[in-house]
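A look at the structure
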Amino acid sequence: GNDVRLRPDLPLLANARGRLEATHKGVQLQAVRAQLLGGETQIDGGTQPDGSLRVVLAGMATADALRRAPELGGVARLAQRLQGQANYRLQLQQPPAATAGVPATGATTGPEWQLASNLQGLAIELPAPLHKPADALMPLKVSSTPETRGIGTPQAPRAWTRVELGGLKAAVLTEPGPNGGLRQLRSAWSWDAPLPEPVPGGRAVLALPRLDLGAWQAEAGAGGRSDDLQALPQSVQIRTPELLAGGRRLSGVTLDLQRLATPGDEGWHARLVADQAAGTVDYREPRRPGTEARIKARLVRLQLPPAEADTVADSMAGLLDRAPASVPALDIEVDDFELRGRRLGKLAVEAVNRVAGEGGQARAEWQLTRLQLSNPDAKLNATGRWQAVAGSNRRRMALDFRLDVADGGALLQRLGFGRVVRGAKGAIQGTLDWDGSPLGLDLPSLGGRLGMAMEGGQFLKLDPGAARLLGVMSLQALPRRLLLDFRDVFQQGFAFDTATASVL
């Protein structure tokens, strides 16, 4: 009927009762029962013929009791995402005492234990692939074995912990840390893939049916502690047919992530190959509080279909509603950029987030310090800003630009207007502003001014009568007529030598 705590770092055995036999040959436990981790457990075992001590615990644990067991460390924090209860079997084995306190060569130097459960009755409220309803089975096996040592090794005792949970496998080598916890020395993780060689910092190889990075990021932000996050693998390879990240869906994904831990330059390096994008992305964490993070991307290709372009714009708006320092600065170059099904060529973007205005009028704005878009038909250079409209929930994009056109007809085709002009070169420049996304021109709210100067083109779709008559009678076309050049009359369309416009 007593409450027993065998060690300060072990859970309490409440209302313990049963039979314990102790002789000069050892100790035996027979059907000892106690309340442990919210449920009834039975303890059996004792000293074995070889001098080792073997104990087996079989019982049931509840998520609520696990949450209230701080001595379990990370398990208690993980239990914040558990609901229900499940049966388990825990086997503990202590090797024979070493002769004169010195272990033999290759002998183990500490206890071993193995935990097994099918987790039926326990719900796991984590994103896929670790999400599990209470009635589903997800076999769990965890074991710990001491690392083999030589004679008289003076180092702190090390142990290998191995985990199998559904498709997850892990192997982690730890030793006691300076503050009483465990320090991770090497680790390896996998999901539905062969377990890689354990390395310092950790290595993970994951083959997943689907991965939502946003859901896992939110989970880490909601319940993760800095020491828990530091224990995550520093090198990760992911293969999945579907990945969701930043409002985008990528298919056919291979993603390699590498943690960068240079002091003052911490962050992540990613190499991505997917159906919609390919290249490298570097993320640098803020160097000091109050500064912004940085994203540098060098992509071979990038596709933004209509639905995803709108989703990205909505995500940007949500980010800008936060403190500007929490939004990364951008330095992006894309060799082949496709927006809403139109291949626009080579893209370069540099942008930062700043606070515009003063006092009560201060508001976050997205400053586009460099926008370059080039293809064989034209080259665009622009700067701009995307900011909230005072007194409303709207955001408005303002753009200063110059568009140098090498082939106006081909450019209009590239933009989806069809064959309406042949040839034409020149320039269009001005300022434009509109409500909504920087990625989509909203015609009803469009404002600004621009000037156009084009030359050497032909309109392909005009009223044949008036257009051809003007083409014959134009004095500007007289030199062409003297050379018997009537291509614009007899062929479809209306040719022009120059075309200028000023639009407000």
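Source: prediction; values computed, not measured.

**Description of the overall build of the protein chain**
Each helix and strand counted, the protein chain has nine helices and 27 strands in total. With 504 residues in all, the protein chain has 36% of them scored as buried. Considering only intrachain contacts with a sequence separation of at least 6, the fraction spanning at least 24 residues in the protein chain is 46%. Entry remark: accessible area of the protein chain is about 28100 Å², with carbon and sulfur atoms responsible for 57%.

**Structural notes on the side chain of Ser52**
With respect to the element layout, Ser52 can be found in the loop between strand E4 (39-47) and strand E5 (53-62). Using a relative accessible area of 2% as the deciding quantity, one classes Ser52 as buried. A distance of 2.7 Å separates the side chain of Ser52 from the side chain of Asp50, its partner in a polar contact. Ignoring anything within four residues of it in the chain, the contact list for Ser52 reads Gly46, Thr47, Gln93, Gln94, Pro95 and Pro96.

**Regarding the pattern of salt bridges**
If you walk through the whole model with that rule in mind, you get 19 salt bridges. Arg81 serves as the salt-bridge partner of Glu219, at 2.4 Å between the closest nitrogen and oxygen. Of the two residues, Glu219 sits in helix H3 (residues 213-223) while Arg81 sits in the loop between helix H2 (74-78) and strand E6 (82-94), which places them 138 residues apart along the sequence. Glu219 gets classed as buried once you look at its relative accessible area, which sits at 17%. Overall, Arg81 belongs to the partly exposed group, its relative accessible area being 22%.

**Section: a nonpolar patch on the surface**
A surface patch of nonpolar side chains, amounting to about 240 Å² of accessible area, comprises Val4, Leu6 and Leu10. Summarising the element assignment, Val4 is placed in strand E1 (residues 2-4).

**Remarks on unusual backbone geometry**
In this chain, Ala128 is followed by Pro129 through a cis amide linkage whose omega measures 10°. Mapping Pro129 onto the fold places it in the loop between strand E8 (122-124) and strand E9 (140-146). Backbone geometry at Arg340 places phi at a positive 55°, although glycine is not the residue there. Secondary-structure assignment places Arg340 in the loop between strand E20 (329-339) and strand E21 (342-356).

**Remarks on the packing of aromatic side chains**
Summed over the entire model, instances satisfying the criterion amount to zero aromatic pairs. Lying over the aromatic face of Trp386, Arg395 brings its terminal NZ or CZ to 5.8 Å of the ring centre.

**Overview of the pairing of strand E7 (residues 112-117)**
In this sheet, E7 lies alongside E6 in antiparallel orientation, the contact comprising five bridges. Residue pairing in the sheet places Arg89 in a bridge with Ala116 of E7. Across five bridges, E7 lies against E9 in antiparallel orientation. Its bridge partner lying in E9, Leu115 is registered against Val142.

**Quick look at the environment of Leu206**
Mapped onto the fold, Leu206 is located in strand E13 (residues 203-207). Ignoring sequence-local partners within four residues, the contact set of Leu206 consists of Ser190, Trp191, Val236, Gln237, Ile238 and Arg239.

**So, the confidence of the model for the protein chain**
Here the protein chain averages 84 in pLDDT, and 81% of its residues register 70 or above. In the predicted structure, residues 98-108 sits below a pLDDT of 50 and forms 14 contacts with residues beyond four places in sequence or in another chain.

**Overview of the nonpolar core**
Judged by nonpolar contacts, the single largest core of 76 residues is most densely connected at Phe337, Leu368, Leu371, Leu399, Phe401 and Leu403. Leaving out residues up to four positions away in the same chain, Leu371 has contacts with Leu347, Ala348, Val349, Leu380, Asn381, Ala382 and Leu399.

**Structural notes on the environment of Leu29**
Mapping Leu29 onto the fold places it in strand E3 (residues 26-36). Filtering out sequence-adjacent residues up to four positions away, Leu29 remains in contact with Arg19, Leu20, Ile43, Asp44, Gly45 and Val55.

**Some points on the environment of Gln35**
Position of Gln35 among the secondary structure elements: in strand E3. Separated by 23 residues in sequence, Gln35 and Leu12 place their C-alpha atoms 8.1 Å apart. Ignoring any residue separated from it by four or fewer positions in sequence, one finds Gln35 in contact with Leu12, Leu13, Ala14 and Glu40.

**Details of the side chain of Asp435**
Examined against the element boundaries, Asp435 turns out to sit in strand E25 (residues 421-435). Within the structure, the side chain of Asp435 is placed 2.6 Å from the side chain of Arg396, a separation counted as a polar contact. Once you skip the residues sitting within four places of it in the chain, Asp435 turns out to touch Arg394, Arg395, Arg396, Asp442 and Ser445.

Analysis parameters
Residues numbered from 1 in each chain as written. Predicted model: local features only at pLDDT ≥ 70, side-chain atom pairs only at ≥ 80, totals over all residues. Heavy atoms only, no water. Helix = DSSP H or I, 4+ residues; strand = E, 2+ residues; numbered from the N terminus. Buried < 20%, exposed > 50% of the residue type's maximum accessible area, 1.4 Å probe, protein only. Contact = heavy atoms within 4.5 Å. Areas by Shrake-Rupley, 256 points an atom, 1.4 Å probe, with all protein chains shown as cover. Polar contact = N/O pair within 3.5 Å; in protein donor to acceptor, adjacent residues only side chain to side chain. Salt bridge = Lys/Arg side-chain N within 4 Å of Asp/Glu carboxyl O. Patch = residues over 30% accessible without salt bridge, like charges linked within 9 Å, V, L, I, M, F, W, Y side chains within 5 Å. Phe/Tyr/Trp six-rings, centres within 6.5 Å; stacked < 30°, edge-to-face > 60°. Lys NZ or Arg CZ within 6 Å of the ring centre and 35° of its normal. Pairing = 2+ DSSP bridges. pLDDT = per-residue confidence, 0-100. Core = buried A, V, L, I, M, F, W, Y, C linked by side-chain atoms within 4.5 Å.

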